[in-house]
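Next come the chains, spelled out residue by residue.
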Amino acid sequence: MSAQLTDEEALSRVASYCSTAEHCRAEINEKLQRWGIAYDTIARILDRLESEKFIDDERFCRAFVNDKFRFAKWGKMKIAQGLYMKKIPSDVAWRYLNEIDEEEYLAVLRGLLASKKKSVHAQDEYELNGKLMRFAMSRGFELKDIRRCIDVPDEEEQVE
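All values reported here derive from a predicted model rather than from experimental measurement. (Residues numbered from 1 in each chain as written. Predicted model: local features only at pLDDT ≥ 70, side-chain atom pairs only at ≥ 80, totals over all residues. Heavy atoms only, no water.)

Participant: Could you give an account of the environment of Glu 127, naming the residues involved and the relevant values?
Facilitator: Along the chain, Glu 127 turns up in helix α8 (residues 125–138). Judged by its relative accessible area of 29%, Glu 127 falls in the partly exposed class. The contact partners of Glu 127, leaving out residues within four places of it in the chain, are His 121 and Ala 122. (Helix = DSSP H or I, 4+ residues; strand = E, 2+ residues; numbered from the N terminus. Buried < 20%, exposed > 50% of the residue type's maximum accessible area, 1.4 Å probe, protein only. Contact = heavy atoms within 4.5 Å.)

Participant: Give me the lowdown on the packing of helix α1 (residues 7–20) against helix α2 (residues 25–34), citing residues and values where you can.
Facilitator: Axes are the key here: two packed helices are described by the angle between their axes and the distance separating the axes. Where α1 contacts α2, the two axes come as close as 11 Å, and the packing angle between them is 140°. It follows that α1 is oblique to α2 by the angle criterion. Our pair here, α1 against α2, has a crossing hand that is right-handed. Across from Ala 10, Val 14, Tyr 17 and Cys 18 in α1, the residues of α2 making contact are Ile 28, Lys 31 and Leu 32. Of the residues in the contact of α1 with α2, the class split is six nonpolar, no polar and one charged. (Axes fitted to C-alpha atoms, helices over the stretch in contact; angles between N-to-C directions. Parallel < 35°, antiparallel > 145°, perpendicular 65-115°, else oblique. Left-handed = near helix turned anticlockwise from the far one by under 90°. Nonpolar A, V, L, I, M, F, W, Y, C, P; charged D, E, K, R; others polar.)

Participant: I'd like a rundown of the UniProt feature "domain: RecX third three-helical" (unreviewed entry) in the chain, residues and numbers included.
Facilitator: Look at the UniProt record and you will see "domain: RecX third three-helical" (unreviewed entry) annotated at residues 103–150. For the annotated span residues 103–150, helix accounts for 79% and strand for 0% of the residues, and the straight-line distance between the end C-alpha atoms is 15 Å. (UniProt positions renumbered as here; feature names shortened; annotations may be inferred.)

Participant: Quick one: what's the story with the domain arrangement of the chain, residue by residue and with numbers?
Facilitator: Per the domain assignment, the segments of the chain are domain 1 (1–54), domain 2 (55–99) and domain 3 (100–146). Between the C-alpha centres of domain 1 and domain 3 there is a distance of 41 Å. (Domains from an automatic or database assignment.)

Participant: Let's hear about the packing of aromatic side chains: which residues, and what values?
Facilitator: Per the counting criterion, the structure on display carries three aromatic pairs. On the numbers, 5.8 Å between centres and 25° between planes, the contact of Phe 69 with Tyr 105 is stacked. Of this pair, Phe 69 sits in helix α4 (residues 57–70) while Tyr 105 sits in helix α7 (residues 102–119), and the two are 36 residues apart along the sequence. Relative accessible area serves as the criterion here: at 2%, Tyr 105 is assigned to the buried category. With 5.1 Å between their ring centres and 45° between their planes, Tyr 105 and Phe 141 make a pair best called tilted. Taken together, the positions of Tyr 105 in helix α7 and Phe 141 in the loop between α8 and α9 (143–149) put the pair 36 residues apart, joining distant regions of the chain. Grouping residues by exposure puts Tyr 105 and Phe 141 together as buried. Grouping aromatic residues by their ring pairs yields a cluster made of Phe 69, Tyr 105 and Phe 141. (Phe/Tyr/Trp six-rings, centres within 6.5 Å; stacked < 30°, edge-to-face > 60°.)

Structure representation (structure tokens):
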């Protein structure tokens, strides 16, 4: 910012910013620091924004989980990492992550794996499954869920 903002101008600008999309307390704190606002003023502004419901970390968390799962098709581990980076407490994050329907979660993973399988070049099934597993893990899905979606034969089936 070229000119120093007054407390009320900063509050007004950041309230306007918060009304356009969900933001967490940490994002707003960072923005106000970049603007050169004093720390004690930042604390007052954040408290006021929370009391007037401009920012709410739980509401932000719910929206973040929903958006990253539905639109970006991220797995729970990658979403949890994103929330950690936004300084959302892990108990709050996992409360909303555990609300994701398991069948819908696995259906998204199966869809991602099916579309990726079309573009992967592998010499055999073992190499293909390895590449698919690495891809799914990079998207934040857990190995136990990936194994459920990839047709990996169990040891019992191989013995027969």
